[in-house]
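# Observations on the model geometry
Residue-level listing of the chains:
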Amino acid sequence: MKRFLGLVIIFGSVSFFALTSIYAAVDTDKVFNDIKGDLQNKGIEAGEIDGVRKPVVEMLEKGAAKDEIENSLLDLSKNGVKGKELRESVNSMDDLVKGGKSPREAGNVVSRAVHQAQAEGLRGTALADKVHEAIKKMQTEKRESIETKEERKETENVGTKMEEGSRKGNFPSGAHGGGMGHMGQGHGHNR
């Protein structure tokens, strides 16, 4: 009887997770279609929106809010970013999300870059280039931050090993000090 109950619980759990993921996929498609409808009502062509379907759905699956994505797409489109440039900008935004940035942060990076480019009078391809530049800068900063953390951790590990070695009387190679101060060898200070 316990085995049967265990199997029922396992089967029920698996079914629940399968249905949840199917529902989530349907919900993501519904949200994408809502975004598409809203943007079409604001004058963006359906083909432009369909061209960014994959990265938009991926960001939605990662927790991006409908409004965040919609506003970023609207900003880009209003500033003449279309076709290939629009796809590349949205793909770059998705890359940020895949790289660990929150969807909100990724949207903010794109939005700030668009507004900065606007202030500089950039439109279309030049504006898209500015967005890519901002995204690459953020990715580089993140990579450098990770490398710095890894280097700091490595340095801390070496320090810990040296400290442990000195307590045991063992020193890692090159950590002997080798300086002055050997006992019994005067250094000319006789009074």
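Remember, it's a predicted structure, so these values are computed and weren't measured experimentally.

## Looking at the layout of surface pockets
- Taken as a whole, the largest pocket encloses approximately 210 Å³ of empty space.
- Residue lining of the largest pocket: Val 109, Arg 112, Ala 113, Gln 116, Lys 130, Glu 133, Ala 134, Lys 137, Met 138 and Glu 141, and that is the complete set.
- Counting residues per element, the ones that place at least two in the lining of the largest pocket are helix H6 (103-119) and helix H7 (124-168).
- Considering each element in turn, the lining of the largest pocket owes the most residues, six residues, to H7.
- Partitioning the lining of the largest pocket into residue classes produces four nonpolar, one polar and five charged.

## Section: the environment of Leu 39
- With respect to the helices and strands, the residue Leu 39 is situated in helix H1 (residues 2-41).
- Sequence separation of Leu 39 and Leu 73 is 34 residues, and the distance between their C-alpha atoms is 8.2 Å.
- Apart from residues lying up to four places away in sequence, Leu 39 is in contact with Ile 44, Ile 49, Glu 70, Leu 73 and Leu 74.

## Here we look at H6
- Its 17 residues give H6 an end-to-end C-alpha distance of 24 Å, which sits within 8% of 24 Å, the value for a rise of 1.5 Å per residue.
- By the burial criterion, the buried members of H6 are Pro 103, Ala 106, Gly 107, Val 109, Val 110, Ala 113, Val 114 and Ala 117. Take H6 and look down its axis: the buried residues cluster within an arc of 155°, on one side only. Residues of H6 that are exposed and point more than 90 degrees away from the buried face comprise Arg 104, Arg 112 and Ala 119.
- Remark: Gly 121 follows H6 within two positions and exhibits a positive phi of approximately 80°.

## Considering the nonpolar core
- Formed by 33 residues in total, the largest nonpolar core has its most connected members in Ile 35, Val 56, Ile 69, Leu 73, Leu 76, Val 90 and Val 131.
- Taken together, the elements giving at least two residues each to this core come down to H1, helix H3 (53-61), helix H4 (66-78), helix H5 (83-98), H6 and H7.
- With six residues, the single largest contributor to this core is H6.
- Excluding its chain neighbours within four sequence positions, the residues that come into contact with Ile 69 are Ile 35, Val 56, Met 59, Leu 60 and Ala 64.

## Quick word on the pattern of salt bridges
- On inspection of all chains with the given rule, the structure shows eleven salt bridges.
- Of the charged contacts, one joins Lys 36 and Asp 50 as a salt bridge, the two residues approaching to 2.9 Å between their closest N and O atoms. Here Asp 50 lies in helix H2 (residues 46-50) and Lys 36 lies in helix H1, a separation of 14 residues in the sequence.
- In this structure Asp 50 comes out as partly exposed when scored by relative accessible area, which is 36%.
- The shortest N-O distance in the salt bridge between Lys 130 and Glu 120 comes to 3.2 Å. Note that Lys 130 is positioned in helix H7 and Glu 120 in the loop between H6 and H7, a separation of ten residues in sequence.
- Ionic contacts of the salt-bridge type, sharing partners, join the residues Asp 38, Lys 42, Lys 66 and Glu 70 into one network.

Procedures and definitions
Residues numbered from 1 in each chain as written. Predicted model: local features only at pLDDT ≥ 70, side-chain atom pairs only at ≥ 80, totals over all residues. Heavy atoms only, no water. 1 Å grid on protein atoms, 1.4 Å probe; cavity = no way out; pocket = protein on both sides within 12 Å on 5 of 7 lines; lining within 4 Å. Points joined across faces, edges and corners; volume = space filled by probe spheres on them. Helix = DSSP H or I, 4+ residues; strand = E, 2+ residues; numbered from the N terminus. Nonpolar A, V, L, I, M, F, W, Y, C, P; charged D, E, K, R; others polar. Contact = heavy atoms within 4.5 Å. Expected span 1.5 Å × (residues − 1). Buried < 20%, exposed > 50% of the residue type's maximum accessible area, 1.4 Å probe, protein only. Arc of directions from axis to C-beta. Core = buried A, V, L, I, M, F, W, Y, C linked by side-chain atoms within 4.5 Å. Salt bridge = Lys/Arg side-chain N within 4 Å of Asp/Glu carboxyl O.

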